[in-house]
Amino acid sequence: MNKIIAIPLENGILCEHFGHCEAFAIVNVVDGVITSIVEKTPPEHVPGLYPRWVAEFGVTDVIAGGMGQKAIELFNQQQINAFVGAPKTDAKTLVNEFIAGTLRLDANYCNHEGHHG
């Protein structure tokens, strides 16, 4: 399994809402093993920008907490799979669980109508 996985972070752990994150972990996985984790500071958030921005790093998958349906569609248009509802933990743990097939996802679709907890 060779993948490049993007994870939105806040204070070193998964950010509940990817549009409000302070960094993205870009995690390279080669033959099912993490080979590098690099944090990238995203540009100022503009709706629709992040899917194109992470695609520039060759990202194949994004693991997120909350994300709206439109954002998921924009990632899919960039040939990026979006996995939503991941638990708040660090990027290495999330990716290792993803690789092992044990990552628990509780769909957390954000519709921007309510407050984020």
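Student: For the packing of aromatic side chains, give the residues involved together with the corresponding values.
Tutor: The way to describe two aromatic rings as a pair is by their centre distance and the angle between their planes. Taken as a whole, this structure holds five aromatic pairs when the rule is applied. When the centroid spacing of 6.4 Å and the interplanar angle of 45° are considered together, the rings of Tyr-50 and Trp-53 count as tilted. One end of the pair, Tyr-50, and the other, Trp-53, are both in helix α1 (residues 49–55), three residues apart, so they sit about a helical turn from each other. Of the two residues examined, Tyr-50 and Trp-53, each falls in the buried class. An aromatic cluster is built from Phe-24, Tyr-50, Trp-53 and Phe-57, whose rings are joined through pairwise contacts.

Student: Explain the pairing of strand β5 (residues 61–64) to me, and be specific about the residues and the numbers.
Tutor: Residues of β5 alternate between two faces, with Asp-61 and Ile-63 on one and Val-62 and Ala-64 on the opposite face, all of them buried. Looking at chain direction, strand β1 (residues 3–10) and β5 are connected through two bridges and run parallel. Looking across to β5, one finds that Ile-5 is bridged to Asp-61. In this view, the connection linking β5 to its parallel neighbour strand β6 (residues 81–84) by way of helix α2 (residues 69–77) has right-handed handedness.

Student: For the pattern of salt bridges, give the residues involved together with the corresponding values.
Tutor: Enumeration according to the criterion identifies two salt bridges in this entry. The closest approach of N and O atoms between Asp-61 and Lys-3, which form a salt bridge, is 3.3 Å. With Asp-61 in strand β5 and Lys-3 in strand β1, this residue pair connects regions lying 58 residues apart in the sequence. With a relative accessible area of 22%, Lys-3 lands in the partly exposed category.

Student: With reference to specific residues and values, describe the nonpolar core.
Tutor: Grouped burial of nonpolar side chains is what soluble globular proteins tend to show. Counting 19 residues, the largest nonpolar core has Ala-6, Phe-18, Phe-24, Val-54, Val-59, Met-67 and Phe-75 as its most contacted members. Setting aside residues up to four positions removed in sequence, Phe-18 forms contacts with Pro-8, Phe-24, Tyr-50, Gly-66, Met-67, Ala-71 and Phe-75. Core analysis: the second largest hydrophobic core is formed by 14 residues, Leu-9, Leu-14, Val-27 and Phe-98 among them.

What counts and how
- The residue numbering used here restarts from 1 in each chain and proceeds along that chain's sequence as written.
- It should be noted that, the model being predicted, local features are given only for residues of pLDDT at least 70 and side-chain atom pairs only at 80 or more, the latter also being counted only at that level, while totals for whole chains, interfaces and linings use all residues.
- Here the side-chain values reflect all heavy atoms present in the structure, with hydrogen atoms and water set aside.
- By convention, a stacked pair of Phe, Tyr or Trp rings (six-membered ring in the case of Trp) has centres within 6.5 Å and planes under 30 degrees apart, an edge-to-face pair has planes over 60 apart, and any other such pair is tilted.
- For helices the rule is a DSSP run of H or I covering at least 4 residues; for strands it is a run of E covering at least 2, with both sets numbered from the N terminus onward.
- For every residue, the accessible area obtained with a 1.4 Å probe (protein chains only) is divided by the maximum for its type, and the residue is called buried under 20%, exposed over 50%, and partly exposed between those limits.
- Pairing between strands is defined by DSSP: at least two bridges between them are needed.
- We call a crossover right-handed when, viewed with the strands running away from us, the connection from the first strand over the helix to the second turns clockwise.
- For this document, the term salt bridge refers to a Lys or Arg side-chain nitrogen within 4 Å of an Asp or Glu carboxyl oxygen.
- Residues enter a nonpolar core if they are buried and are Ala, Val, Leu, Ile, Met, Phe, Trp, Tyr or Cys, with the set joined through side-chain atoms within 4.5 Å.
- The contact criterion used throughout is that any non-hydrogen atoms of two residues lie within 4.5 Å.

Structural measurements only, silent on function.
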